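The primary structure of each chain is shown beneath.
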Amino acid sequence: MSKKISISKAIGEAMHEEMVRDKNVIILGEDMGVMGNVFGITRGFRDEFGADRVIDTPISESGFVGMSVGAAMRGMRPVAELMYNDFMTVCADPLLNQAAKMRYMTGGQLTIPMVVRMPMGSGRRNAGQHSQSLEAIFCHMPGLKVIAPASAEDAKGLLKSAIRDNDPVIFMEHKLLYAHKEEVPDGEYTTPIGEAKVKREGTDLTIISWSREVDFSLEAAENLAKEGINVEVLDLRTLVPLDWDSIVKSVSKTHNVVVVSEEVKRGSYAGEISAQIAEDLFDELDAPVERVCGLNITSPFSPPLEDVNFPHPADIEKAVKKVLNK
Amino acid sequence: MSKKISISKAIGEAMHEEMVRDKNVIILGEDMGVMGNVFGITRGFRDEFGADRVIDTPISESGFVGMSVGAAMRGMRPVAELMYNDFMTVCADPLLNQAAKMRYMTGGQLTIPMVVRMPMGSGRRNAGQHSQSLEAIFCHMPGLKVIAPASAEDAKGLLKSAIRDNDPVIFMEHKLLYAHKEEVPDGEYTTPIGEAKVKREGTDLTIISWSREVDFSLEAAENLAKEGINVEVLDLRTLVPLDWDSIVKSVSKTHNVVVVSEEVKRGSYAGEISAQIAEDLFDELDAPVERVCGLNITSPFSPPLEDVNFPHPADIEKAVKKVLNK
Amino acid sequence: MVKQKYSKEKLVGFYRTMVRIRAFEELAADCFMKGMLAGNIHLSIGQEAVAAGACAAMDKEDYMTTTHRGHGHCIAKGGNIDKMFAELFGKKTGYCKGKGGSMHIADVEGLHHLGANGIVGAGIPIATGSALASKIWKDKHVTVCFFGDGASNQGVFHESLNMAAAWHLPVVYVIESNRYAVSTEIHRVTNTEFLSVRAKAYNMPGKTVDGNDPTIVYEAMKEALDYARSGKGPYLLECETYRHQGHYCGDPAAYRPASYMEEAHKDDCIPCMRAKLLKGKTATEKDLKAIEDEAKAEMEKGLKFAEDSEWPDPSEATTEMYSSDNERSVVR
Amino acid sequence: MVKQKYSKEKLVGFYRTMVRIRAFEELAADCFMKGMLAGNIHLSIGQEAVAAGACAAMDKEDYMTTTHRGHGHCIAKGGNIDKMFAELFGKKTGYCKGKGGSMHIADVEGLHHLGANGIVGAGIPIATGSALASKIWKDKHVTVCFFGDGASNQGVFHESLNMAAAWHLPVVYVIESNRYAVSTEIHRVTNTEFLSVRAKAYNMPGKTVDGNDPTIVYEAMKEALDYARSGKGPYLLECETYRHQGHYCGDPAAYRPASYMEEAHKDDCIPCMRAKLLKGKTATEKDLKAIEDEAKAEMEKGLKFAEDSEWPDPSEATTEMYSSDNERSVVR
Ligand SMILES: Cc1ncc(C[n+]2csc(CCOP(=O)(O)OP(=O)(O)O)c2C)c(N)n1
Ligand SMILES: Cc1ncc(C[n+]2csc(CCOP(=O)(O)OP(=O)(O)O)c2C)c(N)n1
Ligand SMILES: [Mg+2]
Ligand SMILES: [Mg+2]
């Protein structure tokens, strides 16, 4: 049995179920309570769970993310939200120096079971400070787990796992996926953290991607299929810990790789994956790995400019053909 | 003619000369004035240039880095200091969302000629929040130039160029290099931003590195030479813009590459370089690129633990031999 | 008959500015609702008196920083309507050549407008740094920093005001308190009636005034600017006003009690001033109608300019990231 | 003869705590200067009365966060000297198994000590979050947040105090004002005589007391803790004290005027209290000597424990990063 719901609804359901299940789960963030979130994700939560558990914060990200760290140390399970991932800049310390490091620095004494949800991504003409995909920064910081789902089913199942996980988890949601309506299993389920998923089987080349670019990659794969190119699409789903086994398996089969993400290309997590494959699976590769990412620029506002700043299916198709020398 | 001075002294000289040359150069940071900096770099500056130009700030990094952005917009040339690069977390917004983006977002109207100097690196048993090498985060952010010198001559010449540059420049100084005494040319000179330097010529393999790991790479190269392995050491000096031509030249000669940095390996800038080489110079490579970096952990305090967390010459030698299959 | 404190010209000038701002915002809203604009816009309808009064008190050469809700300040300081509309449309003729959009309008040379900002609070240290430059150069310009009640809860508010106070920097912080940060009423996330009380933490002057009357704002700003310009240091001015629309254009603002908009309409700066001008015989119905019609026409012209303008060429996406070595820096 | 407000036991207890802290710090300094310790240590010599008075007022189950200068609070709350010394040495038997060192000591289970911190100010929101948990759970624990005068200029100070005040969280913020942040005298970077005045910005109580007398600190803390515990909200307590040493051990502190240390010695909490105890006949010379000798012996024992302890095995570098899936998460 399954039902068709939007990804934002799936995310809301995950939080709702976990709040019912565990009274230590609380939500903090701007406009999460009375308004029910700017994307409507927590509508009704405050009435149901009370203002103590669904907290409208002031615009004080360092403060409330830092408070989430403190509350998590005490055994709460805070689910904080940054209205956009771009705002990690105003709370980088509690994220990168506190949540990520406190367990290790105290020799394992402290456990920080918190989740920070954050919409990400470009394509909404929100300009430079509201359109970034900053997963690389989080992936670079040991101590954080990083998740970036592409489907409603995964968003729900992974968010539930993230809330139950005892480590700080960065949970990145693409704004332009929110409205997608997709099948989600009925009833209780979780999706394990750290497992990639083959979204399309193929033999000629592996596209490795995550978040919204998985959809574009699948679209590209369909188009390429018409030309007789048989592409496998691997959705990483979790970025840290990385499901290396699934990458090895797919690359050992196809011997060709394209990594696709919306990030600024220079210093991207896509680059890390490209490097790891080139370093450790060199002999499996028939051709150099290709990356399809954003440009090394600030996200522009104007539609014709923004449109060249994140990968579209046509860009992916071009890269696949380049790798396959077609 | 040349003289032998410490790297910290070379950095001080660069600032001193630029302050004499251009009255719009100002210094801001914690303990820069009365104390003359915790590493003694600006000793005497406040007396010479006055408290208006050598400003002791409160512990308010977002505030004074943001103020540097504002002052730079007005035509000042602020040289701000973070006492450690780890503290970029408390001023990530003015660095990543303001300094880096304001020029682009205003269609080129704003020019932000500022430098942010920051000691970096491990090896001083300063534990998790004082030992990081965070260049990857800065390199990932378009709009910033990023410099990480390894020698006194370069530190001085590049800092002078950085101060004169009209873009925001992140200038990363390894704490454990400060005391090194090295030859520096007498008199006025600058070192161009964006040029790598071959520190040792070789034919068998190229080590690409920057900052303190250049020294370790050279040491490794000397040791390897005794075993008949002839390594070239390329010091990037500037990380953004990247001197790709020098990389191509060296790799086309040696066909083997090891990238060495102190960073956390996952998501490192070393990974970006490894990826670019594997992607664009695949046919030049005789073997996969190898990275020698820090572990994917928080920097530990205890000496025996910290010592396994950044590359030593022996680690580099091992990697070189692995690549060369020796 | 009481002698009027302000000349007819001044008073009518306030009115004109407010009317022009509202005409701009209403036309922009219209475009947005018709799907002609991409992204999001944040309108200052209801808050016009703050921009009009404050900017009228500023010297032409004074600097300012604004926010995501910054159209009004730009117009009040003399902004070019054509370039503003073109920027909202993302056209190449816009203030930022389409690269910034509504939230990033700046006019550095012309208006000494150092930029709107998409990060709440981020303009506060930037304005403070501009004031630092003025202090060092002794140039007598004051920097005015506009931001919302919500922004005053960001850490940079504290850091910046503390430094400005310690070093007596010539900056005026203007809180446009419309009582809401998106859906969050300020008193639900603070513990004081007024935000201006925060000035006490820094031993600097702080004042709360009615932000719906441009003459009151003007007067308070004059005092604040004089204070700052004379070298005494920063000033915190809170202007109480109303945000008529939702947070962004299209937000129904269902989270606000009905009473909010009732008050807002009662105190609406434009009809209130209109009535006063007529009552005091400072202007005739005809004068005011002319101003209103002119404003509408000016905005229509701006809109047409924007519509007629060209889109930026996609190749421009990679220009202007760096002031030197741009190409190499964006390639790898 | 005036009836003494506090029992002999209590007063001698304050003295013992202060003496133990100083003995710890002096022995640590000695080790550091002899090159036995790696890294850096920040000593609280001169500030013992704050830790002793404040922690004595706390319930055993109350929580706390401390700073880079946090040895004193840990000892005052009952910390294990052996584990502290071992941590300073980076030994496996230390509080953090050598992974954190001096700046990251915590004792979560035993002391409800949520950790020192290397980032100035970072403990403030953490303590506030702990107080939020207490409020939600209604568990009657107060969280005490220790930090320096310098830390009060960080943005998180503002953000945290504002939220704590708005939501009436049970947290006491204790500013240990030794007037210096490294070399920077607080009045050079602020514009008020006292930092406690900042409480006004949040409409919460704020008080400045003499931090060199543990009974004064104790009393003020009792009031603050009662206030917070009763649900009234947060409290800001500034304790004025002196940092005898440089910022870190070995810093000659040449940037301070000679008068600072003259005052510091005059007001030194330990000799002052010693004299009072003797004068009031609360304790004899012999009693006090015994306390002092015991403290020294205790510290020597701790040092020996640390020296005799094993180093962590290099393989432990990669453990304890993650609570689950650790291995896979640190490999790639
Ligand atoms: C750091 C940061 N946090 C959150 C946001 C999202 N956001 C944009 S405007 C806004 C509300 C701002 O409220 P206020 O400062 O009162 O200004 P107003 O919108 O009322 O003019 C929020 C939360 C942001 N842009 N930046
Ligand atoms: C965010 C940050 N900035 C700067 C530093 C460097 N630093 C460490 S302690 C210190 C001074 C702290 O002063 P204060 O808060 O008064 O505490 P005290 O040292 O006097 O106990 C500074 C600047 C830091 N650790 N973190
Ligand atoms: Mg508001
Ligand atoms: Mg201090």
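An account of the accompanying structure is given in this report. Quantities reported herein were computed from a predicted structural model and do not represent experimental measurements. (Residues numbered from 1 in each chain as written. Chains lettered and ligands numbered in written order. Predicted model: local features only at pLDDT ≥ 70, side-chain atom pairs only at ≥ 80, totals over all residues. Heavy atoms only, no water.)

This part covers the overall build of chain C. Scanning chain C from terminus to terminus reveals 12 helices and 7 strands. Since a compact globule built from 332 residues should have a radius of gyration of about 20 Å, the 20 Å found for chain C is in line with a globular shape. C-alpha atoms of chain C, sized along the principal axes, occupy 65 × 50 × 40 Å. If you take every contact in chain C between residues at least 6 apart in sequence, the share linking residues at least 24 apart comes to 72%. Accessible surface computed for chain C: about 11800 Å², of which carbon and sulfur atoms make up 54%. (Helix = DSSP H or I, 4+ residues; strand = E, 2+ residues; numbered from the N terminus. Rg over C-alpha atoms; globule rule 2.2 N^0.38 Å. Contact = heavy atoms within 4.5 Å. Areas by Shrake-Rupley, 256 points an atom, 1.4 Å probe, with all protein chains shown as cover.)

To continue, consider the pairing of strand β4 (residues 77–81) of chain A. For a regular strand, the rule is simple: side chains alternate between the two faces of the sheet. Most of β4 of chain A sits out of view: 5 of its 5 residues are buried. Here β4 of chain A shows a buried face lined by Arg77, Val79 and Glu81 of chain A and a second buried face lined by Pro78 and Ala80 of chain A. (Buried < 20%, exposed > 50% of the residue type's maximum accessible area, 1.4 Å probe, protein only.)

With that settled, consider the interface of chain C and chain A. Listed per partner, the contact involves 43 residues of chain C and 34 residues of chain A. For the pair chain C and chain A, the summed buried area comes to about 2900 Å², and 62% of that belongs to carbon and sulfur atoms. For chain C, the biggest contributors to the area lost against chain A are Ile119, Arg188 and Ala317 of chain C; these three give 17% of the whole. Connecting chain C to chain A are 1 salt bridge. Put simply, Arg188 of chain C and Asp56 of chain A hold a salt bridge, and the shortest N to O gap is 2.5 Å. Linking chain C to chain A there are 15 residue pairs in polar contact (both at pLDDT 80 or more). (Buried area = accessible area lost by both parts, 1.4 Å probe. Salt bridge = Lys/Arg side-chain N within 4 Å of Asp/Glu carboxyl O. Polar contact = N/O pair within 3.5 Å; in protein donor to acceptor, adjacent residues only side chain to side chain.)

Right, let's talk about the sheet that holds strand β3 (residues 54–56) of chain B for a bit. The strands making up a sheet are joined through hydrogen bonds of the backbone, oriented either antiparallel or parallel. All names here are of chain B. Read across the sheet, 7 strands follow the order β3-β2-β4-β5-β7-β6-β12 without closing on themselves; strand pairing throughout is mixed. Looking at which strands have only one partner, the edges of the open sheet turn out to be β3 and β12 (238–240). Mean inter-strand twist for the sheet, computed between neighbouring axes without regard to direction, equals 20 degrees. Pairing geometry for strand β6 (residues 145–147) and strand β7 (residues 169–174), over 3 bridges, is parallel. Looking across to β7, one finds that Lys145 is bridged to Val169. Along the sheet face, helix α1 (residues 7–21) touches β2 (25–29), β3, β4 (77–81), β5 (115–120) and β7 and points at about 135 degrees away from the line of β2. (Pairing = 2+ DSSP bridges. Axes fitted to C-alpha atoms, helices over the stretch in contact; angles between N-to-C directions.)

The next point concerns the interface of chain B and chain A. Contact residues are listed per partner, giving 50 residues for chain B and 50 residues for chain A. When chain B packs against chain A, the two sides together hide about 4200 Å² of surface, and 59% of this comes from carbon and sulfur. Counting across the interface, chain B meets chain A through 4 salt bridges. Where Arg291 of chain B meets Glu279 of chain A, a salt bridge forms, and the shortest distance between an N and an O atom there is 2.8 Å. Every element with two or more residues in the side of chain B that touches chain A is listed here: α4 (92–99), α5 (102–105), α6 (135–139), β13 (257–264) and α10 (269–280) of chain B. Per-element tally for the side of chain B that touches chain A: the top contributor is α10 of chain B, with 8 residues.

What follows concerns the site of ligand 2. Contacts to ligand 2 come from 22 residues, most closely from Glu61 of chain B together with His68, Arg69, Gly118 and Asn178 of chain D. A distance of 2.9 Å separates an oxygen atom of ligand 2 from a polar atom in the side chain of Asp149 of chain D. Relative to its unbound accessible area of 580 Å², ligand 2 is 97% covered by the protein chains. Here the residues of the shell around ligand 2 are counted per class, giving 10 nonpolar, 8 polar and 4 charged. (Near = heavy atom within 4 Å. Nonpolar A, V, L, I, M, F, W, Y, C, P; charged D, E, K, R; others polar.)

What follows is about helix α12 (residues 313–323) of chain A. All names here are of chain A. Considered for burial, the residues of α12 that qualify are Pro313, Ile316, Glu317, Ala319, Val320 and Val323. The arc that holds every buried residue of α12, seen down its axis, measures 165 degrees, which confines them to one face. Facing away from the buried side of α12 by more than 90 degrees, the exposed set consists of Ala314, Lys318 and Lys322. Of the surrounding secondary structure, the elements contacted by the buried residues of α12 are β10 (205–209), α8 (212–226), β11 (231–235), β13 (257–264) and β14 (290–294). Asn325 sits one or two positions beyond α12 and adopts a positive phi of about 60 degrees. (Arc of directions from axis to C-beta.)

This part takes up the site of ligand 1. Surveying the vicinity of ligand 1 reveals 22 residues, the closest of which are Glu61 of chain A together with His68, Arg69, Gly118 and Asn178 of chain C. More than a single chain frames ligand 1: its nearby residues are located in chains A and C. Contact distances for ligand 1 include 2.7 Å between an oxygen atom and a side-chain N or O atom of Arg69 of chain C. Take Gly150 of chain C: an N or O atom from its main chain is 2.8 Å from an oxygen atom of ligand 1. Taking 580 Å² as the accessible area of ligand 1 by itself, protein coverage stands at 97%. The class makeup of the residues in the shell around ligand 1 is 10 nonpolar, 8 polar and 4 charged.

This paragraph deals with the coordination of the magnesium ion (ligand 4). Residue and element names in this part refer to chain D. Summarising the metal site, the magnesium ion (ligand 4) is bound by the protein donors Asp149 (OD), Asn178 (OD1) and Tyr180 (O), whose distances to it range over 2.1 Å. For the magnesium ion (ligand 4), the donor residues sit on a single chain with the sequence spacing D-x28-N-x1-Y. Of the two residues, Asp149 sits in the loop between β2 (143–148) and α7 (155–167) while Asn178 sits in the loop between β3 (171–177) and β4 (180–181), which places them 29 residues apart along the sequence. Across the pair, exposure class does not vary: Asp149 and Asn178 are buried alike. (Donors = N, O, S within 2.8 Å, 3.2 Å for Na, K, Ca; no water.)

What follows is about the relation of the copies chain B and chain A. Between the two copies, chain B and chain A, the superposition gives an RMSD of 0.0 Å; the rotation angle is 180 degrees and the shift along the axis is 0.0 Å. Taken together, the rotation and translation relating the two chain copies correspond to the operation of a two-fold axis. Minimal C-alpha separation from the rotation axis in chain B is found for Ala275 of chain B, amounting to 2.1 Å. Comparing contact sets, 100% of the residues at the interface of chain B also lie at the interface in chain A, consistent with an isologous, same-surface contact. (Least-squares fit on C-alpha atoms with pLDDT ≥ 70 in both.)

Before going further, it helps to examine the sheet that holds β13 of chain B. All names here are of chain B. Sheet architecture is open: 5 strands sit in the order β9-β11-β10-β13-β14, paired in mixed fashion. On the outer flanks of this sheet lie β9 (197–200) and β14 (290–294), each paired with one strand and no other. The sheet shows a mean angle of 25 degrees between the axes of neighbouring strands, direction not considered. In this sheet, β13 lies alongside strand β10 (residues 205–209) in parallel orientation, the contact comprising 4 bridges. Bridging across to β13, Ile207 finds its partner in Val258.

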